[in-house]
Amino acid sequence: MLVSAAGIPASNGLQLGILVLMIRNVAVFCASADGADPCYRMMALELGTALAMRGVGLVYGGSKVGLMQAVAEAALAGGGSVTGVIPEVLVDLEVAHHGITKLHVVDTMHTRKALMGQLVDAFVVLPGGFGTLEEVFEVLAWQTLKLHTKPVLLLNTNGFYDKLLAFLDYAVEQGMLKQKNREIVLVAESVDEALRLLGIA
């Protein structure tokens, strides 16, 4: 059955403008660091476990450090499928996770993002820095250009993205971002809420 990003039958959810088939694989964008607050790693572990429990495959950046390592290890421990996509430069730096289900080694960061986008049905964003922000804004830009209709969700761990969301509202006020495009950014405060919004609870 065709459902909206919130799990609503398409006949009731067309106004969202985001329609997806049943979600089988989710890309998780996140940091290669653990961050200052232990809650960030705890949320990554919870997300990996929850995806595995529901039979949803994890696709991520292929690293064995930081939040990327946490979400992957949790999914593996729960019996889930974990696919990593990592550029050669990071393999050379010895941060690739060779214990996951499948590891794709690609030539560039651009190829990495493109392949991750092809492999998944939705995107979930945990806390992160420049790399994470670049990834999420690129898939959001792709969506505004109608290159895909896959939901993009910020998992707002302990309010990590509050100031970013406020900035997006300011961009709307200043006429730099359309309100309809601002509305495609889904936000959840917990893993359970995130999965409900994506229709995979």
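Everything below is about the structure shown above.
Residues numbered from 1 in each chain as written. Predicted model: local features only at pLDDT ≥ 70, side-chain atom pairs only at ≥ 80, totals over all residues. Heavy atoms only, no water.

A. Expanded view of the nonpolar core. Counting 35 residues, the largest nonpolar core has Val26, Val28, Leu47, Leu51, Leu58 and Leu155 as the members making the most contacts within it. With seven residues, the top contributor of residues to this core is helix 2 (residues 38–53). Residues within four places of valine 28 in sequence aside, it is in contact with Leu47, Leu51, Leu58, Val59, Tyr60, Met116, Val124 and Leu126. Formed by 21 residues, the second largest nonpolar core is a distinct cluster that contains Leu115, Val125, Val136 and Leu168. (Core = buried A, V, L, I, M, F, W, Y, C linked by side-chain atoms within 4.5 Å. Buried < 20%, exposed > 50% of the residue type's maximum accessible area, 1.4 Å probe, protein only. Helix = DSSP H or I, 4+ residues; strand = E, 2+ residues; numbered from the N terminus. Contact = heavy atoms within 4.5 Å.)

B. Spotlight on helix 5 (residues 109–119). Of the positions making up helix 5, those classed as buried are Arg112, Lys113, Leu115, Met116 and Gly117. Two or three places before histidine 110, at the start of helix 5, stands the capping residue threonine 108, its side-chain oxygen 3.4 Å from that residue's backbone nitrogen. (Polar contact = N/O pair within 3.5 Å; in protein donor to acceptor, adjacent residues only side chain to side chain.)

C. Inspection of the sheet that holds strand 8 (residues 152–155) at higher detail. Pairing is parallel in the open sheet, where seven strands are placed in the order 6-5-4-3-7-8-9. Edge positions in the open sheet fall to strand 6 (102–106) and strand 9 (185–188), since each of these has one partner strand only. Within the sheet, the average angular offset between the axes of one strand and its neighbour, ignoring direction, is 25°. Of the pairings in the sheet, the one linking strand 8 to strand 9 comprises four bridges and is parallel in character. Residue pairing across strands places leucine 153 opposite leucine 186, the latter belonging to strand 9. (Pairing = 2+ DSSP bridges. Axes fitted to C-alpha atoms, helices over the stretch in contact; angles between N-to-C directions.)

D. Up close: the packing of aromatic side chains. What the rule picks out here adds up to three aromatic pairs. Considering the side-chain rings of phenylalanine 29 and phenylalanine 123, the 5.7 Å spacing of their centres and the 25° angle between planes classify their relative orientation as stacked. A residue pair is termed long-range when its members are at least 10 positions apart, and phenylalanine 29 in strand 3 (residues 25–29) and phenylalanine 123 in strand 7 (residues 122–125) qualify at 94 residues. When its relative accessible area of 3% is taken as the criterion, phenylalanine 29 is described as buried. With a relative accessible area of 2%, phenylalanine 123 lands in the buried category. Between the aromatic rings of phenylalanine 160 and tyrosine 161, the centroid separation amounts to 4.8 Å while the plane-to-plane angle is 90°, which identifies the pairing as edge-to-face. (Phe/Tyr/Trp six-rings, centres within 6.5 Å; stacked < 30°, edge-to-face > 60°.)

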